[in-house]
Amino acid sequence: RQMCIRDRITLITGFLGSGKTTLLNHILRGDHGMRIAVVENEVGAISIDHQLIAEQVPEEDLVLLKNGCMCCSGDGSSDQLERVLRSLVRLDGRELDYVLVESTGLADPSPIIQVLWGLEEQGAAFRLDGVLCVVDTSNVHRHLDGGLFANTSECVTQVVYSDVLLLNKSDLVSESELASVRNQLSTISPLAEVHQCSHCALDPSLLLNLFKFDAASFQRLQGCCQPEQKHRRYAQPMTLVTGEVDWVRVQAWLSALVEEHADRLLRVKGIFQIRGEATAWVVQGTHHQMRSYQHTGVDAGNRSVLLIVGTGMDQRELERGLEACCLGHNSETRDCGSRQD
């Protein structure tokens with residue numbers, strides 16, 4: 001079977017913790033009548049996000065590319081993306097209407113766009129519909145002029161190559177702060193549509209079937225993408241694994257972690273298994289913002305997994321801090337990773 005002419009690909013980009021997985025879930029749960037496949041890219045060695053994607057997505061329609069970044073052709077992930085997309089259109093009996101590709105929060109989207117455009121030019125049975133960028137309105141100032149990560153972050157690059165900007169978490173900032181963010185982003189990407197939202201709650205008609213990407217869009221990329229281009233390695237992803245934990249200790253340790261490292265703590269996401277509880281606890285956080293909730297659709301088995309992306313943090317110290325949260329461990333939980341300046 002060949003995919004229909006309506007079958008399209010949307011690339012979802014956005015920095016760490018901006019709300020990309022929340023947006024995916026919102027679209028997948030939408031009343032649009034489309035069968036949507038998801039290609040998920042995670043930077044950590046152990047996958048977390050795919051367990052948080054809406055349960056109604058059939059397993060065969062969810063493809064995970066982990067421990068690599070699609071924007072880095074050197075690690076083979078961009079080639080893997082091409083193979084996955086070609087396999088989606090070769091499977092007999094598929095009635096896919098749409099493919100959503102979520103990049104990692106550290107990814108430069110331009111090489112990914114080149115891969116998608118190249119496949120279309122080669123006659124693939126789909127086309128790139130547009131690039132959505134989820135912006136953490138409450139933290140994006142750290143990545144703009146004068147911010148701590150202004151000279152290293154891929155956040156600005158993600159904004160530049162996007163057709164639609166979603167100013168997520170707009171409820172966490174004042175009207176004047178929101179206006180300032182809008183003005184700065186409109187200077188960076190003046191042609192992009194802008195929508196403000198909370199929890200990425202937007203009508204899917206504003207996000208899909210936009211016909212935004214065309215030859216003119218591709219010309220904008222020419223000269224900007226190098227074949228061996230990689231994103232800047234200023235942030236260190238660290239995957240921590242342990243067993244069942246004491247939830248009170250975990251909360252205390254995470255609070256201490258945020259207190260000491262908020263500015264350097266780009267992303268925290270984890271799944272914790274608590275002895276005696278049927279459901280796992282999920283933790284999501286960026287900088288000083290941290291939230292936790294129980295998730296019935298997550299099966300962590302007997303282990304807990306935590307991904308931390310930050311700068312100047314010691315992984316061994318973090319591992320010791322997490323181990324201190326395990327049941328039967330008598331150590332204090334204060335050890336939250338010394339700075340490595």
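Refer to the preceding data block for the structure.
Residues numbered from 1 in each chain as written. Predicted model: local features only at pLDDT ≥ 70, side-chain atom pairs only at ≥ 80, totals over all residues. Heavy atoms only, no water.

**Student:** I keep staring at the pairing of strand 5 (residues 127-136) and nothing clicks. Help me out?
**Tutor:** Walk down a regular strand and you will see the side chains alternate between the two sheet faces. Most of strand 5 sits out of view: 9 of its 10 residues are buried. Strand direction decides the pairing type here: strand 1 (residues 8-14) and strand 5, joined by 7 bridges, are parallel. Bridge pairing links Gly14 to Val134 in strand 5. Judged from the 5 bridges that link them, strand 5 and strand 6 (residues 164-168) form a sheet pairing that is parallel. The residue bridging Cys133 from the neighbouring strand is Leu165, located in strand 6. (Buried < 20%, exposed > 50% of the residue type's maximum accessible area, 1.4 Å probe, protein only. Helix = DSSP H or I, 4+ residues; strand = E, 2+ residues; numbered from the N terminus. Pairing = 2+ DSSP bridges.)

**Student:** I keep staring at the pattern of salt bridges and nothing clicks. Help me out?
**Tutor:** A side chain with one charge can pair with a side chain of the opposite charge if their charged atoms come near. This model, assessed by the stated rule, comprises 2 salt bridges. Where Glu317 meets Arg320, a salt bridge forms, and the shortest distance between an N and an O atom there is 2.1 Å. Taken together, the positions of Glu317 and Arg320, both in helix 8 (residues 315-323) and 3 residues apart, correspond to about one turn of that helix. Judged by relative accessible area, which is 18%, Glu317 ranks as buried. Judged by relative accessible area, which is 43%, Arg320 ranks as partly exposed. (Salt bridge = Lys/Arg side-chain N within 4 Å of Asp/Glu carboxyl O.)

**Student:** Explain helix 7 (residues 247-261) to me, please; I cannot follow it from the model alone.
**Tutor:** Along an α-helix, residues three or four positions apart point the same way, because every turn accommodates 3.6 residues. Look at helix 7: 21 Å from first C-alpha to last across 15 residues, which is about the 21 Å you get at 1.5 Å a residue. Of all the residues in helix 7, the buried ones are Trp247, Val250, Trp253, Leu254, Ala256, Leu257, Val258 and His261. (Expected span 1.5 Å × (residues − 1).)

**Student:** Hey, could you run me through unusual backbone geometry in this one?
**Tutor:** Across the chain, the bulk of peptide bonds are trans and the bulk of non-glycine residues have phi less than zero. Its identity as a non-glycine residue notwithstanding, Lys169 has a phi of 60°, on the positive side. With respect to the secondary-structure elements, Lys169 resides in the loop between strand 6 and helix 5 (175-188). A positive phi angle, near 55°, is found at Asn209, a position not held by glycine. For Asn209, the location among the structural elements is in the loop between strand 7 (193-196) and helix 6 (215-221).

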